Amino acid sequence: VVEPKIGDLNGWEHWLESQGERYREVDRAFVVGFSTIFLTFFIISASLTIRQLDLAGRSQLLVWTAATAYALSAVLVVYVLVRHWTASTKPSGEEPVGGLGDLRTAPQIGER
């Protein structure tokens, strides 16, 4: 839980997780929507850049280098978005593999 307890009040994340999957669907829809829009613009801009390099008569080595850089960037972007998807749509008890671990054992603000 991101906000375990503030005074005698439960925080927003606690309330959100106590409501079940119903409100987490908004998180899921936001991640899917943002991912779709971002990847669409990324693919369009990458393809336009590579096309302009080719039309400008740049060397084929430069064109292929740029294409490879964009392809590797796309792989990393997809990896980050998949990690974000799994982290933002699971309740706090289901931390993804390789995540931050159990934050409930971490010291709270003001504790030493």
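Residues numbered from 1 in each chain as written. Predicted model: local features only at pLDDT ≥ 70, side-chain atom pairs only at ≥ 80, totals over all residues. Heavy atoms only, no water.

### Comments concerning the overall build of the protein chain
Then, in step 1: On a plain count of helices and strands, the protein chain comes out with three helices and zero strands.
Then, in step 2: When the helices and strands of the protein chain are placed in sequence order, the string is α-α-α.
Then, in step 3: Per-residue burial for the protein chain yields a buried fraction of 14% across its 112 residues.
Then, in step 4: In the protein chain, the proportion of contacts linking residues at least 24 apart, taken out of those at least 6 apart, comes to 45%. (Helix = DSSP H or I, 4+ residues; strand = E, 2+ residues; numbered from the N terminus. Buried < 20%, exposed > 50% of the residue type's maximum accessible area, 1.4 Å probe, protein only. Contact = heavy atoms within 4.5 Å.)

### Some points on a nonpolar patch on the surface
Then, in step 1: A contiguous nonpolar surface patch, about 320 Å² in accessible area, is contributed by Phe30, Phe34 and Phe38.
Then, in step 2: By the secondary structure assignment, Phe34 is in helix H2 (residues 24–55). (Patch = residues over 30% accessible without salt bridge, like charges linked within 9 Å, V, L, I, M, F, W, Y side chains within 5 Å. Areas by Shrake-Rupley, 256 points an atom, 1.4 Å probe, with all protein chains shown as cover. Salt bridge = Lys/Arg side-chain N within 4 Å of Asp/Glu carboxyl O.)

### Observations regarding the confidence of the model for the protein chain
Then, in step 1: Averaged over all residues, the pLDDT of the protein chain is 75; the fraction at 70 or higher stands at 58%.
Then, in step 2: Confidence drops under a pLDDT of 50 for residues 95–104, and excluding neighbours within four residues, the segment shows 10 contacts in the predicted structure. (pLDDT = per-residue confidence, 0-100.)

### Side note on the packing of aromatic side chains
Then, in step 1: Going through the model one piece at a time under the given rule, you end up with four aromatic pairs.
Then, in step 2: Relative to Phe34, the ring of Phe30 has its centre 6.4 Å away and its plane inclined at 15 degrees; by these criteria the two rings are stacked. In this pair, Phe30 and Phe34 both sit in helix H2, four residues apart, roughly one turn of the helix.
Then, in step 3: Overall, Phe34 belongs to the partly exposed group, its relative accessible area being 44%.
Then, in step 4: An angle of 70 degrees between the planes, with centres 6.1 Å apart, marks the rings of Phe42 and Tyr70 as edge-to-face. A residue pair is termed long-range when its members are at least 10 positions apart, and Phe42 in helix H2 and Tyr70 in helix H3 (residues 60–88) qualify at 28 residues.
Then, in step 5: Owing to a relative accessible area of 16%, Phe42 belongs among the buried residues under this scheme.
Then, in step 6: For Tyr70, a relative accessible area of 26% puts it in the partly exposed group.
Then, in step 7: Among the aromatic side chains, those forming a connected cluster through ring pairs are Phe30, Phe34, Phe38, Phe42 and Tyr70. (Phe/Tyr/Trp six-rings, centres within 6.5 Å; stacked < 30°, edge-to-face > 60°.)

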